[in-house]
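Chain residues, written in single-letter form:
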Amino acid sequence: MSDSASNTAFVGRSNELAAIERAVGSARDGMPTVLLIGGDAGIGKSTLVAEAAQRAGVALIVGRCVPMGGETIPLAPLAELLRNVRRTRPELLSDAPVLTSLREWLSAESSPAGGRSGGGLFGPVLELLATLACHGVVMVAFEDLHWADAVTWDLVHFLARNLVDERIVLIGTYRANEVGTKPPQRRRLAELARLPTVQRIQLSGLDRAEIASKVDNLIGKPAPAGLIDAVVARGEGNPFFTEELVSAHLAGQAIPAVLSDLVAGDLAELDDDSRWALGVIAAIGHDTDHGLLLQVAEIDEGRLEGAMRAAIDAQLVVVDRDNDSYRFRHALIGEVVYAELLPSERARLHGRIAAVLAEQAPQVLARADRAGELAFHLDRAGNQREAFGALLAAADAAETVAPAAAVRHLERAFELWDSVGDAATEANRANRLWQAAEMASATVGNERATEIAREAFRYGPPPRGAAWGHERLGRYLWTSGHLEESAVEFETAAALLPEGDGPQAAPVFAGLAQAELMLGRYAEAEQLARRALGLLPDAAIDPVPWAMARRVLGIVTSHRGAPAIGVDYCREALAVAPSAPTKALVLLYLGVALLDAGRYREAINEMLDASADAHLTGVDASFGGYMDSLAAEGLLRFGRWAEAETLLDRHVAEALPVGGIRLAFVGALIAARRGDRDRAHALLTQAHALPVDPFHRQFLDQATADVHLTFGEWAQAAAITERALDDGPDAALWQARFVMLDSVAQVELALDARARRETVDTDAIVPRLRARVDGIRKAAIANNDGLEAADTAAHLADAAATLTRLGDADPDAWAAAVAHWQQLADPYRTAVARLHEAEAAASSGAAARAAEALQDAHRIASELGAGALLADIEAVSKRTRLSVAAPARVVLVDGAIERLGLTAREAEVLSLVAEGRTNRQIGESLYVSEKTASVHVSNILRKLGVTSRVDAAAVAQRLGVA
């Protein structure tokens with residue numbers, strides 16, 4: 001589908017066409033590509049896409065972003081895409097159950113009253129496009145992204161990130177000059193461009209030869225050199241400007257200097273009906289079907305058809321044959337037409353559009369998009385009284401699904417409040433201000449939420465009481481980093497609580513429970529959370545405070561040593577979350593609990609999905625960075641560092657200080673493990689400069705101590721860990737984490753002192769540390785019904801093994817730690833433990849075991865790119881004279897296999913034994929269980945008549961052929 005009505009032959013763009021052709025070829029091979037095509041207005045982006053699709057013989061589906069009086073219509077391109085699919089392949093939207101949400105969203109009878117979040121559309125859209133691509137490559141174009149709303153950008157990013165093997169070429173076009181002046185959109189493009197599947201194509205003007213060819217085609221004969229020179233000079237190679245300039249020339253008009261002159265000249269040639277019809281389309285602001293145009297224009301159908309025919313003949317308007325709607329040939333024409341209208345004409349048109357919209361069914365007007373459109377036109381019509389009511393209705397419609405849009409509606413209503421007279425008396429200004437503050441906290445930012453909340457207090461009591469209002473204000477201040485001011489508000493809220501407990505007090509108790517958690521006071525947080533839940537025996541009574549109290553209880557339970565139970569509590573909270581902001585907050589807590597539980601893959605997936613949904617609903621300004629930091633931490637622990645860095649790079653500055661802290665310290669950990677000391681310390685400095693509450697202080701202290709240990713800064717690490725253990729909260733999970741780091745720091749300091757031949761009182765150090773480890777283990781098991789949580793168990797096993805470094809070498813203690821880290825699927829910690837196992841084995845004379853452990857540590861560290869750890873491994877290798885290179889692969893010849901009496905599978909296993917692989921690694925290589933691999937190894941030792949893996953490897957190397 002092209003947005004051009006020109007019948008001239010396509011000119012130029014050979015390199016760009018070749019790039020798109022390569023993308024189509026990749027898509028045919030199951031490798032989807034994303035193309036971002038930028039250029040000035042009229043440069044030919046849409047035409048290029050249409051031409052490329054036609055030449056490649058592939059389907060093209062287009063959705064256009066639509067401006068309306070300088071604002072955007074949310075998800076306008078998705079609506080157009082779906083309408084086109086419904087016209088051409090209606091069965092796709094009628095058959096598949098997974099596409100139910102798309103059908104409902106398209107249906108004029110649907111209503112958001114049921115609380116359906118737009119986030120549910122992304123997956124079905126991807127599913128629909130994948131289905132379309134089953135029978136061949138499909139090009140999907142989102143045009144004019146410079147006019148895209150945030151939700152549309154998020155949809156494009158979601159599709160770009162989640163295309164795997166679909167035969168799809170995803171295209172986004174945008175005006176480079178307009179995007180260049182909008183930092184948020186520049187950031188969006190930069191985020192997209194970092195994805196590995198994304199390619200950028202920047203269109204510049206056509207050269208003189210190409211312009212000459214185009215002008216020749218337009219006038220049907222060789223053009224005079226003077227005309228070509230004038231078009232090149234005036235149009236600067238812009239294909240659209242070129243066509244308009246030539247059209248003006250053929251009409252006998254003087255060649256204008258700017259496009260507005262061209263459009264004004266074209267408009268002057270039209271009759272009154274045509275100019276009025278174009279003005280209607282410009283005021284409506286998007287593709288307009290004939291029925292709507294007829295209603296708004298208020299001229300009889302015959303005259304309207306004649307008017308539109310004249311506009312089409314003048315090449316100002318085209319008919320989109322896929323949806324039978326009128327559209328300006330180029331959006332710039334619509335802008336010029338709108339500007340040419342008299343102010344009174346614009347106001348009259350907006351008023352008429354509003355009147356037509358108001359005639360729609362109530363359930364249609366209840367939709368967030370329609371309600372917002374009605375409010376916009378009433379406001380532009382100057383009907384402030386009705387616009388005021390419509391803005392409030394639009395805010396209510398958008399509150400659960402698009403809180404950012406709801407805030408904008410309310411902010412405009414506040415501007416009109418004092419000018420609408422008695423229309424405002426029916427509205428409660430204080431309540432509306434609190435509504436705006438709550439949504440601003442999740443979207444615009446907590447500084448603005450604080451301002452609105454303070455203003456709300458001046459207009460009367462908060463809707464849920466003064467205690468609730470001060471608790472909310474405290475929350476906004478805390479999330480803004482004003483920790484001392486927030487503490488005052490929390491104290492005020494506690495003092496204002498009514499004496500008799502009732503459901504109305506539950507939100508305050510829940511909010512204060514969250515505040516106590518952030519202050520690191522776990523006992524108080526639990527008490528308040530349980531008190532809130534006691535007042536709400538059924539979540540349905542008031543789901544927001546119920547979910548808040550439940551998620552707080554989840555983190556308290558998790559940190560005390562039972563993360564699995566904490567995850568369950570958070571999931572229960574998620575199940576009742578009634579709105580996008582509430583859901584986003586619960587998801588943050590769930591992400592923390594999942595990481596505590598060692599369920600890294602689950603945490604990564606949950607947080608990536610949560611981040612996408614946050615972008616969709618507009619709450620990413622507050623929560624997006626924190627969500628991505630949790631996903632990045634999971635990827636860090638999982639050993640997928642490059643993916644983690646991609647997530648971190650998406651965030652330059654965070655409105656939520658604790659989100660910035662998390663992003664910085666995760667980046668510092670990755671930099672440290674890669675061996676980049678300067679970057680690691682710079683990121684830690686950045687994190688420590690932000691206001692941090694006691695709850696997040698634990699995370700930051702852990703990361704800081706870890707970085708210090710990575711670079712051998714033992715004393716700095718010990719100072720942090722000792723303080724954290726002495727002054728930190730009584731939480732088993734944190735105690736276990738810090739005692740491991742502290743054990744490393746204390747042991748390394750002792751070993752350094754011993755190397756300097758200083759007296760080291762090992763008999764005092766080791767028992768003290770061991771008693772602390774044992775005490776934490778006992779408390780953790782008691783808090784988890786007799787079980788030891790995986791994360792706690794791993795840290796304590798590592799701490800216990802670390803203490804053996806000051807006494808008799810104990811490789812078995814390190815092997816136990818290795819097993820715990822492997823259970824958590826943490827390759828970095830596994831490699832560190834394997835390194836120490838190698839040291840201990842070498843010290844105890846088990847050379848073969850030491851070599852195997854050292855080689856395994858080296859392999860893992862190399863795969864991770866862990867520069868600092870590789871340096872440590874090389875040092876141990878030199879010290880022990882053990883090679884980090886694995887033995888060459890041995891392949892047994894058939895005769896040797898028969899002579900040894902081995903089966904074919906046993907021969908495979910023996911070749912892996914000769915490489916120094918462990919049973920677990922053999923199982924992974926051969927896709928069998930570790931137990932099965934162990935059985936094979938035992939059988940091999942018996943058949944070879946040897947007692948060790950080293951001897952078996954020697955036999956293999958003697959009889960094998962490398």
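Refer to the structure presented above.
Residues numbered from 1 in each chain as written. Predicted model: local features only at pLDDT ≥ 70, side-chain atom pairs only at ≥ 80, totals over all residues. Heavy atoms only, no water.

A. Broad picture of the overall build of the chain. Of regular secondary structure, the chain possesses 50 helices and 12 strands. Sequence separation of 24 or more characterises 68% of the internal contacts of the chain that already satisfy a separation of 6 or more. Surface summary for the chain: the accessible area is close to 38200 Å², and the carbon and sulfur share equals 51%. (Helix = DSSP H or I, 4+ residues; strand = E, 2+ residues; numbered from the N terminus. Contact = heavy atoms within 4.5 Å. Areas by Shrake-Rupley, 256 points an atom, 1.4 Å probe, with all protein chains shown as cover.)

B. Quick look at the packing of aromatic side chains. Scanning the entire structure with this criterion turns up 8 aromatic pairs. Geometrically, the ring pair formed by W434 and F457 is edge-to-face, given 5.3 Å between the ring centres and 90 degrees between the ring planes. A residue pair is termed long-range when its members are at least 10 positions apart, and W434 in helix 23 (residues 429-442) and F457 in helix 24 (residues 446-457) qualify at 23 residues. Note on F457: relative accessible area 27%, which makes it partly exposed. Between W641 and Y828 the ring centres are 6.0 Å apart and the planes differ by 55 degrees, which places this aromatic pair in the tilted class. Of the two residues, W641 is situated in helix 34 (residues 641-649) and Y828 in helix 43 (residues 827-843); the sequence distance between them amounts to 187 residues. Judged on exposure class, the residue W641 and its partner Y828 are both buried. Every member of this aromatic cluster is reached through a ring pair, and the members are F695, F699, W734 and F738. Directly above the ring of F699 sits R662, whose terminal nitrogen or CZ lies 4.6 Å from the centroid. A cation sits over an aromatic face here: R737 above W734, 4.9 Å from the ring centre. (Phe/Tyr/Trp six-rings, centres within 6.5 Å; stacked < 30°, edge-to-face > 60°. Buried < 20%, exposed > 50% of the residue type's maximum accessible area, 1.4 Å probe, protein only. Lys NZ or Arg CZ within 6 Å of the ring centre and 35° of its normal.)

C. View of the nonpolar core. One finds L278, F388, L517, F665 and L869 to be the most contacted residues of the largest nonpolar core, which totals 218 residues. Setting aside residues up to four positions removed in sequence, L278 forms contacts with L267, L270, A311, L316, V317, F328 and V337. If you look at the next biggest cluster of nonpolar residues, it comprises 41 residues, including I61, L128, A160 and I168. (Core = buried A, V, L, I, M, F, W, Y, C linked by side-chain atoms within 4.5 Å.)

D. Seen up close, the packing of helix 44 (residues 847-864) against helix 45 (residues 867-880). Close contact between helix 44 and helix 45 brings their axes to 9 Å; oriented N to C, the two are set at 155 degrees. Classified by the angle their axes make, helix 44 and helix 45 are roughly antiparallel. The way helix 44 lies across helix 45 gives a crossing that is left-handed. Across the interface between the two elements, L854, A857, H858, A861 and S862 from helix 44 touch L869, L870, I873, E874, V876, S877 and T880 from helix 45. Classifying every residue of the contact of helix 44 with helix 45 by side-chain character gives 7 nonpolar, 4 polar and 1 charged. (Axes fitted to C-alpha atoms, helices over the stretch in contact; angles between N-to-C directions. Parallel < 35°, antiparallel > 145°, perpendicular 65-115°, else oblique. Left-handed = near helix turned anticlockwise from the far one by under 90°. Nonpolar A, V, L, I, M, F, W, Y, C, P; charged D, E, K, R; others polar.)

E. Looking closely at the pattern of salt bridges. Applying the stated rule across the entire model yields 55 salt bridges. Measuring nitrogen to oxygen at the nearest pair gives 2.4 Å for the salt bridge that ties D272 to R275. Of the two residues, D272 and R275 are both situated in helix 14 (residues 272-284); the distance of 3 residues between them amounts to about one turn of the helix. Measuring nitrogen to oxygen at the nearest pair gives 2.7 Å for the salt bridge that ties R550 to E572. (Salt bridge = Lys/Arg side-chain N within 4 Å of Asp/Glu carboxyl O.)

F. Geometry of helix 44. Here helix 44 contains 18 residues, and its C-alpha end-to-end distance of 26 Å stays within 8% of the 26 Å for a straight helix at 1.5 Å per residue. In the segment just after helix 44, G865 is the residue with positive phi, at about 75 degrees. (Expected span 1.5 Å × (residues − 1).)

G. The sheet that holds strand 9 (residues 317-320), seen in detail. The 3 strands lie next to each other as 8-10-9, forming an open sheet whose pairing is antiparallel. Each edge of the open sheet is held by one strand with a lone partner, namely strand 8 (288-289) and strand 9. Taken together, the 4 bridges between strand 9 and strand 10 (residues 325-328) define a ladder with antiparallel strand orientation. Residue pairing for strand 10: V317 is matched across the bridge by F328. (Pairing = 2+ DSSP bridges.)

H. The arrangement of the sheet that holds strand 2 (residues 59-64) in detail. What the 5 strands build is an open sheet, ordered 2-5-6-1-7; its pairing is parallel. Across the chains shown, the open sheet's two edge strands, defined by having one partner strand only, are strand 2 and strand 7 (198-202). Neighbour-to-neighbour, the strand axes of the sheet open up by a mean angle of 20 degrees, direction not taken into account. Across the sheet, helix 3 (residues 76-88) lies against strand 2 and strand 5 (138-143), angled at about 145 degrees from strand 2, the strand it touches most.

I. Structural context of the environment of D538. Following the sequence through the fold, D538 ends up in the loop between helix 28 (522-535) and helix 29 (543-559). Under the relative-accessibility criterion, D538 is labelled partly exposed at 43%. Polar side-chain contacts of D538 include one of 3.0 Å to the backbone nitrogen of A540. (Polar contact = N/O pair within 3.5 Å; in protein donor to acceptor, adjacent residues only side chain to side chain.)

J. Spotlight on the side chain of R188. Inspection of the secondary structure assignment puts R188 in helix 9 (residues 183-193). For R188, the side chain forms a polar contact with the side chain of D154, separated by 2.3 Å. Excluding its chain neighbours within four sequence positions, the residues that come into contact with R188 are A150, W153, D154 and H615.

K. Local environment of the packing of helix 7 (residues 150-162) against helix 32 (residues 600-617). Relative orientation of the contacting elements helix 7 and helix 32 amounts to 150 degrees, with a least axis distance of 8 Å. When the axes of helix 7 and helix 32 are compared, the pair comes out roughly antiparallel. Counting all contacts with helix 7, which are made through A150, V151, D154, F158 and R161, the residues of helix 32 involved are L608, A612, H615 and L616. Split by residue class, the contact of helix 7 with helix 32 holds 6 nonpolar, 1 polar and 2 charged.

L. Broad picture of unusual backbone geometry. The phi dihedral of E298 falls on the positive side, at around 60 degrees, and the residue is not glycine. Following the sequence through the fold, E298 ends up in the loop between helix 15 (290-297) and helix 16 (301-313). Taking the relative accessible area as the measure of exposure, E298 reaches 56% and is therefore exposed. Positive phi outside glycine occurs at R881, with the angle close to 60 degrees. In this structure, R881 sits in the loop between helix 45 and strand 11 (891-892).

M. Local environment of the side chain of T557. Note that T557 resides in helix 29. We classify T557 as buried; its relative accessible area is 15%. Beyond its immediate chain neighbours, meaning those up to four positions away, T557 contacts A562, P563, I565, G566 and Y569.

N. View of helix 18 (residues 343-358). If you check helix 18, its first and last C-alpha atoms are 22 Å apart, about what 16 residues at 1.5 Å a residue would give, namely 22 Å. Among all positions of helix 18, only L349, H350, I353, A354, V356 and L357 are buried. Along helix 18, the residues classed as buried sweep out an arc of 160 degrees about the axis, all on the same side. (Arc of directions from axis to C-beta.)

O. Molecular detail of the pairing of strand 6 (residues 168-175). The buried fraction of strand 6 is high, at 8 of 8 residues. Where burial is concerned, the two faces of strand 6 agree: the one with I168, L170, G172 and Y174 and the one with V169, I171, T173 and R175 are both buried. Sheet topology note: the strand 1 (residues 33-39)/strand 6 ladder contains 7 bridges and is parallel. In the sheet register, I37 faces strand 6, and the bridge partner there is T173. Where strand 5 lies against strand 6, 5 bridges are found, and the strand directions are parallel. Within strand 6, the residue paired with V140 across the bridge is L170. Since strand 5 and strand 6 lie parallel, the crossover through helix 7 that links them has a hand, and here it is right-handed. (Right-handed = clockwise from strand over helix to strand, strands pointing away.)

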